[in-house]
Amino acid sequence: VQLQASGGGLVQAGGFLRLSCASSGGTFSRYTMSWFRQAPGKEREFVAGIMRDGVTSLYADSVKGRFSISKDNAKNTVYLQMNSLKPEDTAVYSCAADVTLPLVIHHEETAYTYWGQGTQVTVSS
């Protein structure tokens, strides 16, 4: 399984970006997918996740109401729509796949088997 993240860039505070993560190999419809981010000098943190059916989702409190995750099983792609961006959203964003058919969306990195390479998001004030 390979995950390819894209869509990062430089945006002003209040702006928006849409990240994409394309999967190849394996059976994407069976994966629970999540986005994580890592800011300079900080640990990687959970941002948002979505169950394999593309319906149930979970968000970190810091992005709730501003970010939206979606999953298109026909296109083998998961998206992260990021609105009302803040400078504190600046980080490298990575997508990850949990292939264990979990019953819940995990926050812990260790639950995820496959990772994309990350895409830089920079929000200027």
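Our subject is the structure that appears above.
Residues numbered from 1 in each chain as written. Predicted model: local features only at pLDDT ≥ 70, side-chain atom pairs only at ≥ 80, totals over all residues. Heavy atoms only, no water.

Novice: Residues and numbers for unusual backbone geometry, please.
Specialist: At Asn76, a position not held by glycine, the phi torsion is positive, near 55 degrees. In this structure, Asn76 sits in the loop between strand 7 (67-72) and strand 8 (77-82). Notably, Ser84 is not glycine yet its phi reads approximately 50 degrees, a positive angle. Position of Ser84 relative to the elements: it lies in the loop between strand 8 and strand 9 (91-98). The class for Ser84 is partly exposed, based on a relative accessible area of 41%. (Helix = DSSP H or I, 4+ residues; strand = E, 2+ residues; numbered from the N terminus. Buried < 20%, exposed > 50% of the residue type's maximum accessible area, 1.4 Å probe, protein only.)

Novice: Break down the packing of aromatic side chains for me, with residues and values.
Specialist: Tallying each qualifying case throughout the model produces five aromatic pairs. Summarising the aromatic geometry, the rings of Phe36 and Tyr112 are spaced 5.2 Å apart at their centres and angled 80 degrees between planes, so their arrangement reads as edge-to-face. Of this pair, Phe36 sits in strand 4 (residues 32-38) while Tyr112 sits in the loop between strand 9 and strand 10 (114-115); the two residues are 76 residues apart in sequence, bridging distant segments of the chain. Looking at Phe36, the relative accessible area reads 0%, which means it is buried. Tyr112 gets classed as buried once you look at its relative accessible area, which sits at 5%. Residues Tyr112 and Trp115 carry aromatic rings whose centres are separated by 6.2 Å and whose planes lie at 65 degrees to one another, so their mutual orientation is edge-to-face. (Phe/Tyr/Trp six-rings, centres within 6.5 Å; stacked < 30°, edge-to-face > 60°.)

Novice: Tell me about the pattern of salt bridges, and please be specific about residues and values.
Specialist: According to the stated counting rule, one finds five salt bridges in the structure shown. For Arg37, the salt bridge is made with Glu45, and the minimal N-O distance between the two is 2.6 Å. You can call Arg37 buried: its relative accessible area is 6%. Taking the relative accessible area as the measure of exposure, Glu45 reaches 36% and is therefore partly exposed. Taking the shortest distance from any N to any O, the salt bridge between Asp89 and Arg66 comes out at 2.7 Å. Of this pair, Asp89 sits in the loop between strand 8 and strand 9 while Arg66 is found in the loop between strand 6 (57-59) and strand 7, placing the two residues 23 residues apart along the sequence. Residue Asp89 shares its accessibility class with Arg66, and that shared class is buried. Within the structure, one salt-bridge network assembled from shared partners comprises Arg37, Glu45, Arg66 and Asp89. (Salt bridge = Lys/Arg side-chain N within 4 Å of Asp/Glu carboxyl O.)

Novice: Account for the state of the cysteines, naming residues and giving values.
Specialist: Scanning the model with the defined rule gives one disulfide in all. Residue Cys21 pairs covalently with Cys95 via a disulfide, S to S 2.1 Å. Judged by the torsion about the S-S bond (65 degrees), the Cys21/Cys95 disulfide is right-handed. Highlighted residues: Cys21 in strand 3 (residues 17-24) and Cys95 in strand 9, separated in sequence by 74 residues. (Disulfide = S-S within 2.5 Å.)

Novice: Outline the pairing of strand 5 (residues 45-50), listing residues and values.
Specialist: For strand 5, the buried fraction is high: five of the six residues fall into the buried class. When strand 4 meets strand 5, the two strands line up antiparallel, connected through five bridges. The residue bridging Arg37 from the neighbouring strand is Glu45, located in strand 5. The hairpin formed by strand 4 and strand 5 contains six residues between the paired strands, and Gly41 there has a positive phi angle of roughly 75 degrees. (Pairing = 2+ DSSP bridges.)

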